[in-house]
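Okay, here's what each chain looks like letter by letter:
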Protein chains: 2
Amino acid sequence: MKVGIVGLGLIGGSLGLDLRSQGIEVLGVARRDRTCELARIRNVVDAASTNLNFLSPADIIFICTPLTVIAPTVRQLLPYLNSETILTDVGSVKASIVKSCEGLGVSFVGGHPMAGTEERGVEAARRGLFVGTPYVLTPGKTSPSEAVEQVADIARSLGATVYTCSPTVHDRAVSLISHLPLFASAGLIETCMGEAEPDILTLAQQLASSGFRDTSRVGGGNPELGVEIARHNRTQLLRSLYQYRQTLDRAIAQIEGEDWESLERALSGDRAARPLFLS
Amino acid sequence: MKVGIVGLGLIGGSLGLDLRSQGIEVLGVARRDRTCELARIRNVVDAASTNLNFLSPADIIFICTPLTVIAPTVRQLLPYLNSETILTDVGSVKASIVKSCEGLGVSFVGGHPMAGTEERGVEAARRGLFVGTPYVLTPGKTSPSEAVEQVADIARSLGATVYTCSPTVHDRAVSLISHLPLFASAGLIETCMGEAEPDILTLAQQLASSGFRDTSRVGGGNPELGVEIARHNRTQLLRSLYQYRQTLDRAIAQIEGEDWESLERALSGDRAARPLFLS
């Protein structure tokens, strides 16, 4: 089997390292010559090019580019594919991408490996990145079941746990546990910075500790990624944000109305529910 | 110098351990005999009792009880104090407590050591808990400056960094970096649990990872503490919650209006601002 990878960053690069360690031949494509060179030096690929036609011998191609570039990349690849080639992506939003790729006459299987670190680029690529992490597959109406099974087999060979669901169910679930937390967290930093009295802002900065550090972490990350998520998962993110606002309004009403019993019941429910998300 | 401690939990107990290691005599008071016994066994105090009159020889008394019990404890201590005794507390909200204790004719200095772990009780007490942490003093109108200086000296001897400000400035600052994050975090768990479709909720629980873990940590903590904070810092917490809601509404409007430029500017600002809170 020959595997092609478009986009040799953290995810694409780590995928290449793991697949090569299984004896699979990996062909890479990156936008810049320098990335291709680094990928070869770091043994992330067997060979690399800046030209998509380089991937025509591949049996399966992983598209590991930023979200916005995934569907255009699939379209640009069309001339170089044969009828057996399987395409899959690693984007963190699925419905819009699966919709764009359906009807192009290719075997496309939407995928989302939920692995990563704060680092980026081929320099950050490492073996075993996917071990023990969830890998979601979101086949569309036109994804052949053998193609889905083949991508699932590769994901399992990386040590990931495979989940299969519809693109919309995926987008809704990640809007709740990943995208909403990002914007809720960013909003905390912004609210603190909006404090008008300089002595209070200074003291807040001096006193902030581990609670603020943890709660603000995902909100203080890469702004381009936040915008990409909002663009591509706009509908589900807005739905989650509106539901979050309702939850906050309920807490505000309890505190304003000094309804401490209801507030304690809600907080007790939160404490009891949290471990369900951490198994 | 003799130091009295009312409430031999994590903070009171750790304070006792550190002060005794400096050769200071520590007298403790706890509600239950069993806690007094444990405190003696663990060398947290030189001697302990369930009776507040036990502290009449103390030069300075730290009140380390839950927030609701601080002002009543000060009132109950009055018969056993002499004119030189200094009282201070370790509550996480200051304005209401300082107000209650002003006018009682005692030297009261509000304090808030910002140290702690997830654990509770005298069993969790440990040496060095305060090293490198902020210790805020919030003297009221009637706090003698020598009393403030004496509490500050003790706080510094524990390895803490002392900040002095008005009770209201303290409450406003901690509402932003500590109390608001707690309720924003709890709201995330509650919003996720409110998902009506069982398959989406199950998938969300399976996919939640480090981002959700960190963002939900303080919201999944002790419900009684959350209610205590809301009761005692109600005004400032509500102000912060309203400002947070405005920030969220701005993000919602940007996402609804597909104003990606403004959204990216806001997220870039958050990324740039976060390190100011983590020094």
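Predicted model only: the values in this text are computed from it and were never measured.

### Concerning the packing of helix H11 (residues 260-273) of chain A against helix H6 (residues 167-193) of chain B
Remark: H11(A) packs on H6(B), axes separated minimally by 9 Å, with the N-to-C direction vectors making an angle of 70°. The orientation of H11(A) with respect to H6(B), classified from their angle, is roughly perpendicular. Between H11(A) and H6(B), the contacting residues are Leu263(A), Ala266(A), Leu267(A), Asp270(A) and Ala273(A) on the first element and Leu182(B), Phe183(B), Ala186(B), Ile189(B), Glu190(B) and Met193(B) on the second. Tallied by class, the residues present in the contact of H11(A) with H6(B) amount to nine nonpolar, no polar and two charged.

### A short note on the interface of chain A and chain B
Each side of the interface is counted separately: chain A has 86 residues, and chain B has 86 residues. Interface of chain A and chain B: buried area, both sides summed, is about 8,600 Å²; carbon and sulfur atoms make up 69% of it. Three residues, Leu207(A), Arg274(A) and Phe277(A), lead the burial of chain A against chain B; their summed loss comes to 9% of the area buried on that side. Applying the counting rule to chain A against chain B returns 10 salt bridges. Where Glu195(A) meets Arg172(B), a salt bridge forms, and the shortest distance between an N and an O atom there is 2.9 Å. Inspection of the region where chain A meets chain B yields 25 residue pairs in polar contact (both at pLDDT 80 or more).

### As for the pairing of strand E2 (residues 25-29) of chain A
Residues and elements named next belong to chain A. Most of E2 is tucked away: four of the five residues are buried. Taken together, the five bridges between strand E1 (residues 2-6) and E2 define a ladder with parallel strand orientation. The residue of E2 that forms the bridge with Lys2 is Glu25. Inspection of the sheet shows E2 paired to strand E3 (residues 47-49) by three bridges, in the parallel sense. Each residue of the ladder has a partner; that of Val29, found in E3, is Ser49. Handedness of the crossover joining E2 and E3 through helix H2 (residues 33-41) is recorded here as right-handed.

### What about the pattern of salt bridges?
All names here are of chain A. Tallied over the entire structure, the rule returns 26 salt bridges over all chains. The partner of Asp18 in a salt bridge is Arg127, with the nearest N and O atoms 3.7 Å apart. One end of the pair, Asp18, is in helix H1 (residues 10-21); the other, Arg127, is in the loop between strand E6 (107-113) and strand E7 (134-139), and 109 residues separate them in sequence. According to the relative accessible area criterion, Arg127 is exposed, its value standing at 54%.

### Examining the sheet that holds E6(A)
Residue and element names in this part refer to chain A. On the basis of which strands lie adjacent, the open sheet formed by eight strands has the order E3-E2-E1-E4-E5-E6-E7-E8 and mixed pairing. One side of each edge strand has no neighbouring strand; the edge strands of this open sheet are E3 and strand E8 (161-164). Looking at each pair of strands side by side, their axes are set apart by 25° on average, direction ignored. With three bridges joining them, strand E5 (residues 86-89) and E6 adopt parallel strand pairing. The residue of E6 that forms the bridge with Ile86 is Ser107. The strands touched by helix H5 (residues 145-157) are strand E4 (60-63), E5, E6, E7 and E8; relative to E7, the strand with the most contacts, the crossing angle is about 170°. With respect to the sheet, helix H6 (residues 167-193) is in contact with E6 and E7, its orientation differing from that of E7 by roughly 140°.

### Looking at helix H9 (residues 223-232) of chain B
Among the residues of H9(B), Pro223(B), Gly226(B), Val227(B), Glu228(B), Ile229(B) and Ala230(B) are the ones counted as buried. Against helix H10 (234-256) and H11 of chain A together with helix H3 (67-77), H6 and helix H10 (234-256) of chain B lie the buried residues of H9(B). Between the side-chain oxygen of the N-cap and the backbone nitrogen of Glu224(B) there are 3.0 Å, and the N-cap of H9(B) in question is Asn222(B).

### Some points on the state of the cysteines
Taken as a whole, this structure holds zero disulfides over all chains when the rule is applied. Unpaired in terms of disulfides, Cys101(A) finds its nearest cysteine sulfur in Cys64(A), a separation of 14 Å. Assessed through its relative accessible area of 1%, Cys101(A) is described here as buried. No disulfide involves Cys192(B); its sulfur sits 16 Å from that of Cys165(A), the nearest cysteine. By relative accessible area, Cys192(B) is classed as buried at 0%.

### Some remarks on the relation of the copies chain A and chain B
One copy of the chain maps onto the second through a rotation about an axis and a displacement along it. Each copy superposes on the other: chain A lies on chain B with an RMSD of 0.0 Å after a rotation of 180° and an axial shift of 0.0 Å. Such a turn and shift between the copies fits a two-fold axis. Relative to the rotation axis, the closest C-alpha in chain A is found at Thr215(A), a distance of 2.2 Å.

### Here's the deal with the environment of Leu19(A)
All names here are of chain A. Position of Leu19 relative to the elements: it lies in helix H1. Sequence separation of Leu19 and Ala266 is 247 residues, and the distance between their C-alpha atoms is 47 Å. Other than its neighbours up to four places away in sequence, Leu19 contacts Val3, Ile24, Val26, Ile154 and Leu158.

### Focus on the domain arrangement of chain A
All names here are of chain A. Each assigned domain of chain A is listed with its residue range as follows: domain 1 (2-165) and domain 2 (170-277). The straight-line distance from the C-alpha centre of domain 1 to that of domain 2 is 32 Å. Taken together, the contact between domain 1 and domain 2 spans 15 residues of the former and 11 residues of the latter. Considering only the surface of domain 1 that becomes buried against domain 2, Leu67, Ser92 and Val93 emerge as the three largest contributors, covering 38% of it. Applying the counting rule to domain 1 against domain 2 returns zero salt bridges. Looking at the side of domain 1 that touches domain 2, the elements that each hand over two or more residues are helix H3 (67-77), helix H4 (95-101) and E7. The class makeup of the residues in the side of domain 1 that touches domain 2 is seven nonpolar, five polar and three charged.

Rules and cut-offs
Along every chain, residues carry numbers that run from 1 in the direction the sequence is written. Chains carry letters from A onward and ligands carry numbers from 1 onward, assigned in written order. Only residues with pLDDT of at least 70 get local features here, since the model is predicted, and only at 80 or more are side-chain atom pairs given and counted; chain-wide, interface and lining totals rely on the full set of residues. No hydrogens and no water enter the side-chain calculation; it runs on all heavy atoms of the structure. The axes used here are C-alpha line fits, helices contributing only the stretch in contact, and every angle between their N-to-C directions lies in the interval 0 to 180 degrees. The helix and strand labels rest on DSSP assignments: H or I over at least four residues marks a helix, E over at least two residues marks a strand, and numbering proceeds from the N terminus. Orientation labels follow simple angle bins: below 35 degrees gives roughly parallel, above 145 gives roughly antiparallel, 65 to 115 gives roughly perpendicular, and whatever is left gives oblique. Contacts: residue pairs with any heavy atoms within 4.5 Å of one another. Ten residues, namely Ala, Val, Leu, Ile, Met, Phe, Trp, Tyr, Cys and Pro, are considered nonpolar, four, namely Asp, Glu, Lys and Arg, are considered charged, and the remaining ones, Gly among them, are considered polar. Throughout, the accessible surface (probe 1.4 Å) given up by two parts as they are put together, summed over both, is called the buried area. When a carboxyl oxygen of Asp or Glu lies within 4 Å of a side-chain nitrogen of Lys or Arg, that pair is called a salt bridge. Within 3.5 Å is the distance limit for a polar contact, defined as a pair of N or O atoms, with the added protein rule that one can donate a hydrogen and the other accept it, and that residues adjacent in sequence qualify only through two side-chain atoms. Throughout, exposure labels follow a simple rule: accessible area from a 1.4 Å probe, protein chains only, divided by the maximum for the residue type, with under 20% read as buried, over 50% as exposed, and the rest as partly exposed. Only strands that DSSP links by at least two bridges are regarded as paired with each other. Crossovers are marked right-handed if the path from the first strand over the helix to the second runs clockwise, as seen with the strands pointing away from the viewer. When two cysteine sulfur atoms lie within 2.5 Å, the pair is treated as a disulfide. Least-squares fitting of one copy onto the other uses the C-alpha atoms of those residues that reach a pLDDT of at least 70 in both copies. These domain boundaries are the output of an automatic or database domain assignment.

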